[in-house]
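Here is what each chain is made of, one letter per residue.
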Amino acid sequence: MESRSSVECFLDVATLTRAAADRVVACARAAIAARGRFLFVLSGGSTPRSLYELLAADPYATQIDWSRVHVFWSDERCVPPDSDESNYRMARETLLDRVTLPPGNIHRIRGEDDPEAAASSYDELLHHVIGRDSTQTFDLVLLGMGLDGHTASLFPGTAAVREMRRWVVATRGPEPDSWRVTLTLPALNAGADVMFLVTGAEKAEPLKQVLEGSPVEPLPAQWIRPERGVLYWMFDAAAATRLSLPRA
Ligand code: 6PG
């Protein structure tokens, strides 16, 4: 089924963040009403911080039944969970420590372990929580986009981007001698809705490439096409300056 997509440009980060929080609430309520739980994949990096902080504060915090929410990560740096590089730590400090989400529903990637071991144990965990033959996987996948068009830790030209069987792999990070654990395209596309949040003038060129370019070798973010849900591209005016689309 052709995946549906929506492209939305917002005046500024604050307006975008409120719209993203509204969409998270709507997805959560629909999933909990339909299946009794909301399977939410968090992304790392810095862009989502403001969204997580907004979701943890009134009025948003009381609009979601956090006891029914399960959180996962799109990727993790291979660092300890208390490292300031950890995507888990960022989400814990900005959101998870501030809402009543049951600890057993927080499914972090073990960045402190050997990368391959962490990847295979996370793959096992995902299939255990979701169910191997379940047709319904994640309800909402939150993603960011890097300057090179990467998303999660799927960096251009790597084997991780080409992985079509496993849901989780280890891959080298952008920093020397660094490793990451990342969900792969089959996992990220198996979900229902995917929401990209992109802000800032430095993302204008890669955003144009991803939304309007047709490079011989598509960028990793261009391979994100949810099988059953909607692909939401949400960005601010600063990131939209190179687009030929009509802007807000
Ligand atoms: C990570 C993220 C990564 C991030 C992009 C954008 O672990 O860094 O998963 O894919 O979303 O690099 O990062 P910023 O939001 O910091 O620009």
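Scroll up for the structure.
Residues numbered from 1 in each chain as written. Predicted model: local features only at pLDDT ≥ 70, side-chain atom pairs only at ≥ 80, totals over all residues. Heavy atoms only, no water.

(A) Geometry of the pattern of salt bridges. A complete count under the given rule lists 14 salt bridges for this structure. Ionic pairing is found between Glu-8 and Arg-23, a salt bridge with its closest N-O pair at 2.7 Å. Taken together, the residues Glu-8 in strand E1 (residues 4–10) and Arg-23 in helix H1 (residues 13–35) connect sequence positions 15 residues apart. A salt bridge links Asp-75 to Arg-180; the nearest nitrogen and oxygen atoms lie 3.6 Å apart. With Asp-75 in strand E4 (residues 75–77) and Arg-180 in strand E7 (residues 179–183), this pair connects stretches of sequence that are 105 residues apart. The two residues Asp-75 and Arg-180 agree in class, both being buried. Several salt bridges share partner residues, and in doing so they unite Arg-108, Arg-110, Glu-112 and Asp-113 into one network. (Salt bridge = Lys/Arg side-chain N within 4 Å of Asp/Glu carboxyl O. Helix = DSSP H or I, 4+ residues; strand = E, 2+ residues; numbered from the N terminus. Buried < 20%, exposed > 50% of the residue type's maximum accessible area, 1.4 Å probe, protein only.)

(B) Structural context of H1. Along its 23 residues, H1 runs 32 Å from first to last C-alpha, staying within 8% of the 33 Å computed at 1.5 Å per residue. Among the residues making up H1, those that are buried are Leu-16, Thr-17, Ala-19, Ala-20, Ala-21, Arg-23, Val-24, Val-25, Cys-27, Ala-28, Ala-31 and Ile-32. Those residues of H1 that are buried are in contact with E1, strand E2 (38–42), helix H2 (49–55), strand E5 (140–143), strand E8 (193–198) and strand E9 (230–236). The positive-phi residue at the C-terminal boundary of H1 is Gly-36, with phi of around 80 degrees. (Expected span 1.5 Å × (residues − 1). Contact = heavy atoms within 4.5 Å.)

(C) Focus on helix H4 (residues 115–130). Spanning 16 residues, H4 covers 22 Å between terminal C-alpha atoms, matching the ideal 22 Å at 1.5 Å per step. Regarding H4, the residues found buried are Pro-115, Ala-118, Ala-119, Tyr-122, Asp-123, Leu-126, His-127, Val-129 and Ile-130. Viewed along the axis of H4, the buried residues span an arc of 165 degrees, placing them on a single side of the element. Here the buried face of H4 lies against E2, strand E3 (69–73), strand E6 (168–172) and E7. (Arc of directions from axis to C-beta.)

(D) Focus on the site of the ligand. Taken together, 15 residues lie around the ligand, and Ser-46, Thr-47, Asp-75, Ala-152 and Lys-203 are the ones closest in. The contact in question runs from an oxygen atom of the ligand to an N or O atom on the side chain of Asp-75, over 2.6 Å. Within the side chain of His-150, one N or O atom sits 2.8 Å away from an oxygen atom of the ligand. The fraction of the free accessible surface of the ligand (420 Å²) that becomes covered by protein chains is 87%. A per-class count over the shell around the ligand returns two nonpolar, nine polar and four charged. (Near = heavy atom within 4 Å. Polar contact = N/O pair within 3.5 Å; in protein donor to acceptor, adjacent residues only side chain to side chain. Areas by Shrake-Rupley, 256 points an atom, 1.4 Å probe, with all protein chains shown as cover. Nonpolar A, V, L, I, M, F, W, Y, C, P; charged D, E, K, R; others polar.)

(E) The pairing of E8, seen in detail. In terms of residue burial, E8 counts as a mostly covered element, since six of its six residues are buried. Pairing analysis gives four bridges linking E5 to E8, with the strands arranged parallel. Counted as the bridge partner of Leu-143 is Phe-196 from E8. In this sheet, E9 lies alongside E8 in parallel orientation, the contact comprising five bridges. Across the sheet, Phe-196 pairs through a bridge with Trp-233, a residue of E9. Chirality of the crossover, the property in question, places the unit of E8, helix H7 (residues 204–212) and E9 among those that are right-handed. (Pairing = 2+ DSSP bridges. Right-handed = clockwise from strand over helix to strand, strands pointing away.)

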